[in-house]
Amino acid sequence: MSSPLSPSLKPRLSRPDWLASPTVLRTEVLAGLVVAVALIPEAISFSIIAGVDPSVGLFASFTMAVVISIVGGRKAMISAATGAVALVIAPLNREHGLGYLVAAVILAGVFQIALGALGVAKLMRFVPRSVMVGFVNALAILLFLAQVPELRDVPWPVYPLVVGGLVLMVLFPRITKVVPAPLVSITVLTVITVAAGIAVPTVGDKGELPSSLPVPGLPDVPFTLDTLKIIAPYALAMALVGLMESMMTAKLVDEITDSRSSKTREAVGQGVANIVTGFFGGMGGCAMIGQTMINVKVSGARTRLSTFLAGSFLMVLCIVFGPVVSEIPMAALVAVMVMVSVATFDWHSVAPRTLRRMPLGETLVMAVTVACVVATHNLAVGVVVGSLTAMVVFARRVAHLANVSRVIDPDGGRAVYAVTGELFFASSNDLVQQFDYRNDPDDVVIDLSATHIWDASSVAALDAIETKYAERGKKVAIVGLNAPSADLHGRLAGQLTGGH
C-alpha cells in the first residue's frame, strides 16, 4: 500500500556527515584514538595542577568530550580538562576541598549557559586579526614549552626517541596518509621501548589510571548561601576563562576548516558539558587547543564523531587497556606535541617580508598578545590585553583623521569651517583649539557633512565651541549632520554641562 504522503512531504532523515564515505569514517575513528592517547597524560597533569586525584581530570575529559560532541556548536573541536581551568579552581580545592570544587564546576556551567543566552559569543567580532595571530603563535609556544619539563633530568634514550618520533611523523605521510602519523609514531616507539626493555618515563608514571566508569552524584557541600558565596567568584572566573578559550579555539578551527560554527551554541554547550561533568565528579574544562589541533590539523578530522570517540576511547583505554597505555613512553607524546606546536605556529606572520609590510601597530598588538600569554600561561589574559592594545592603537590612528579647514567668505561676513574624519572621544579632544574665536566674523558655520558624531565627548566639544563664540557675541550654525549624528546631537546638545 502506497503512502498517502507525497514525496515532498515525507520526513527526510539526514545522513550523519561521518558516514559520508569509508575514508571519512576511518579518519574520524583514528583521529579520536590519537587524541584519546594524547589526552591521558595531559588530563593527569592538569589534575596535579588542580590538586585532585588523576581520575578527576580523566573523568572530566571523558564527560566533556562526549557531551560537547552532541551539544557543542563547533564540529571536531575537543573539550576536556584544561590547564587554564585547573589554575582557576586550584585555590578553591586547596582551601575548601573537592566538594566545593565540583559545586563550582556546576555553577560555572550555569553561568556559561546564561552568558551564551545573553549573546556573549558575539563579542568575538571585536577580536582583531592581529590578536588572533598572536593567540595562535602564543599557543604554539606554550605547547612547546610544556614539553620542556619532560626533557629535563631524564635518561638519555628519551632524546633519540623524541627525534625518532619526529622523523616518523615527517616521513610517514609521504608513504601513506591512511593511518595518522602520530598514531604510528606512538605505536612504534612503545613497541621499541617495551621490546628492548628501555627504561624511560611512561604514561603510567604520571599517575594511576581509573579502573571503572564515573558515577553521578551531588557535590558533598552544604547547600547554603555561604557555600554560594565561596564558590561563586571561582565559578564566574572559570566560566569566563572557559568561554574565552573555547570561542577563540572555535574561531581558529573555523579558519582551518573554512567553515562556520555557532558560537552561541558552543557557549551554551560548554555550560551543559560542565554541569554534566560536575555531577559526575569531574574538575570541569573547556576547549582544549592542543588536542583540537591534533584532531583537526594533524589527523584531518572534521565531524562530531572524532570528538565523541576521543572521550569514549579515553575511558576504554584507561579501564580496558590500562596496563598497555601505561607503557607508552612520554617521549612519544612529547614528539607529537612538538610537531603540533610547529604546525600551529604562523611562520608567515614573523617572516621579515611580512613584518616590513605590516603596520607597526598590528605587529605591536601581535607581540603584546604573545608576551602576555607566555608570561602568564593564560590565553584569556593575552586575548584581553591584546584586544585592549588593538583598541588603543586604532583610537590613536583614527584620532589623527579628524581635520578642520577654514574658509572666509569674500565679503568677510562669515567663516565656514569644514570638519572631516570621525568625531569620537580621541579625535574631538583637540577640536576646540582649532577655531579662531577672536578674529572670526559674527557668523560662523561648522559643516559636518564629511564626518560622523560617535559619542557624547564630541557633542560636548561642539557645545564648548558654541559657548566660546557666544561669549564673544557670535552666532554658530552647525550644518550637514547625517541622521544618526543629528539625532545624537539633538538629544545631548546643551545637556552635558548644564547649558550655555
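Coordinates for the structure precede this section.
In this text, all values refer to a predicted model and were calculated from it rather than measured experimentally.

**Q** Let's hear about the overall build of the chain: which residues, and what values?
**A** Per the secondary structure count, the chain includes 18 helices and six strands. A compact globule built from 500 residues should have a C-alpha radius of gyration of about 23 Å, whereas the chain, at 29 Å, is more than 25% larger. Seen through its principal axes, the chain has C-alpha atoms that stretch 100 × 65 × 55 Å. When burial is assessed residue by residue, the chain has 50% of its 500 residues classed as buried. The contacts of the chain with a sequence gap of at least 6 include a subset with a gap of at least 24, amounting to 84%. In the chain, which carries 35 positive and 33 negative side-chain charges, the distance between the mean positions of the two groups comes to 9 Å.

**Q** Could you give an account of the pairing of strand β5 (residues 443-453), naming the residues involved and the relevant values?
**A** Successive residues of a regular strand alternate their side chains across the two faces of the sheet. As paired elements, strand β4 (residues 414-423) and β5 share nine bridges and run parallel to each other. In the strand pairing of β5, Glu422 is matched with His452. Here five bridges tie β5 to strand β6 (residues 475-479), and the two strands are oriented parallel to one another. Bridging across to β6, Val444 finds its partner in Val476.

**Q** Talk me through the pattern of salt bridges; I want residue IDs and the actual numbers.
**A** Side-chain pairs of opposite charge can arise whenever the charged atoms involved come near each other. Considering all chains together, one arrives at six salt bridges under this definition. The salt bridge involving Arg491 is made with Asp487; its shortest N-O contact spans 3.2 Å. A residue pair is termed a helical-turn pair when its members lie 3 or 4 positions apart in one helix, as Arg491 and Asp487 do in helix α18 (residues 483-492) at four residues. One continuous salt-bridge network, built from bridges that share partners, spans Arg74, Asp254 and Lys263.

**Q** Describe the side chain of Ser299, listing the residues and the values that go with them.
**A** Structurally, Ser299 can be placed in the loop between α10 (289-298) and α11 (304-319). Filtering out sequence-adjacent residues up to four positions away, Ser299 remains in contact with Thr27, Ala31, Val34, Pro180 and Ile294.

**Q** Describe helix α8 (residues 225-257), with residues and values.
**A** With 33 residues, α8 should reach 48 Å at 1.5 Å per residue; the first-to-last C-alpha distance of 46 Å fits that figure. Along α8, the largest kink reaches about 40° and is centred on Ile231; proline Pro233 follows within four residues of it. One or two residues past the end of α8 sits Asp258, with phi positive at roughly 55°.

**Q** With reference to specific residues and values, describe the pairing of β4.
**A** The sheet contact formed by strand β3 (residues 403-408) and β4 spans six bridges and is antiparallel. In the sheet register, Ser405 faces β4, and the bridge partner there is Ala418. As consecutive antiparallel partners, β3 and β4 are separated by five residues, and within that stretch Gly412 has a phi angle of approximately 75°, a positive value.

**Q** Help me get a handle on the nonpolar core, residues and values and all.
**A** Counting residues in hydrophobic clusters, the biggest one holds 110 residues, and the most contacted among them are Ile40, Leu58, Phe135, Met283, Ile294 and Leu314. In this structure, Ala415, Leu431, Val444 and Ile453 belong to the second largest nonpolar core, which totals 20 residues.

**Q** Could you give an account of the side chain of Ser246, naming the residues involved and the relevant values?
**A** In this fold, Ser246 is placed in helix α8. Apart from the residues within four sequence positions on either side, Ser246 is in contact with Met77, Gln270, Cys286 and Ala287.

**Q** Tell me about the packing of helix α4 (residues 98-117) against helix α9 (residues 263-279), residues and numbers included.
**A** One way to put it is that α4 packs onto α9 with a least axis distance of 7 Å and a crossing angle of 160°. Looking at the two axes, α4 sits roughly antiparallel to α9. For the pair α4 and α9, the sense of crossing is left-handed. Of α9, the residues touching α4 (which contributes Val102, Val105, Ile106, Gly109, Val110, Gln112, Ile113, Gly116 and Ala117) are Thr264, Ala267, Val268, Gln270, Gly271, Val272, Asn274, Ile275, Gly278 and Phe279. By residue class, the composition of the contact of α4 with α9 is eleven nonpolar, eight polar and no charged.

**Q** Pulling in residues and values, what's your account of the packing of α8 against α9?
**A** Running from N to C, α8 and α9 cross one another at 135°; their axes reach a closest spacing of 10 Å. Of the possible angle classes, the one that applies to α8 and α9 is oblique. As α8 runs across α9, the sense of the crossing is right-handed. Contacts between α8 and α9 involve Met238, Leu243, Ser246, Met247, Ala250, Lys251 and Asp254 from the former and Lys263, Glu266, Ala267, Gln270 and Asn274 from the latter. Broken down by class, the residue content of the contact of α8 with α9 amounts to five nonpolar, three polar and four charged.

Conventions adopted
Residues numbered from 1 in each chain as written. Predicted model: local features only at pLDDT ≥ 70, side-chain atom pairs only at ≥ 80, totals over all residues. Heavy atoms only, no water. Helix = DSSP H or I, 4+ residues; strand = E, 2+ residues; numbered from the N terminus. Rg over C-alpha atoms; globule rule 2.2 N^0.38 Å. Buried < 20%, exposed > 50% of the residue type's maximum accessible area, 1.4 Å probe, protein only. Contact = heavy atoms within 4.5 Å. Lys, Arg positive; Asp, Glu negative; His and termini not counted. Charge placed at Lys NZ, Arg CZ, Asp CG, Glu CD. Pairing = 2+ DSSP bridges. Salt bridge = Lys/Arg side-chain N within 4 Å of Asp/Glu carboxyl O. Expected span 1.5 Å × (residues − 1). Bend = angle between axes of the 7 residues up to and from the residue. Core = buried A, V, L, I, M, F, W, Y, C linked by side-chain atoms within 4.5 Å. Axes fitted to C-alpha atoms, helices over the stretch in contact; angles between N-to-C directions. Parallel < 35°, antiparallel > 145°, perpendicular 65-115°, else oblique. Left-handed = near helix turned anticlockwise from the far one by under 90°. Nonpolar A, V, L, I, M, F, W, Y, C, P; charged D, E, K, R; others polar.

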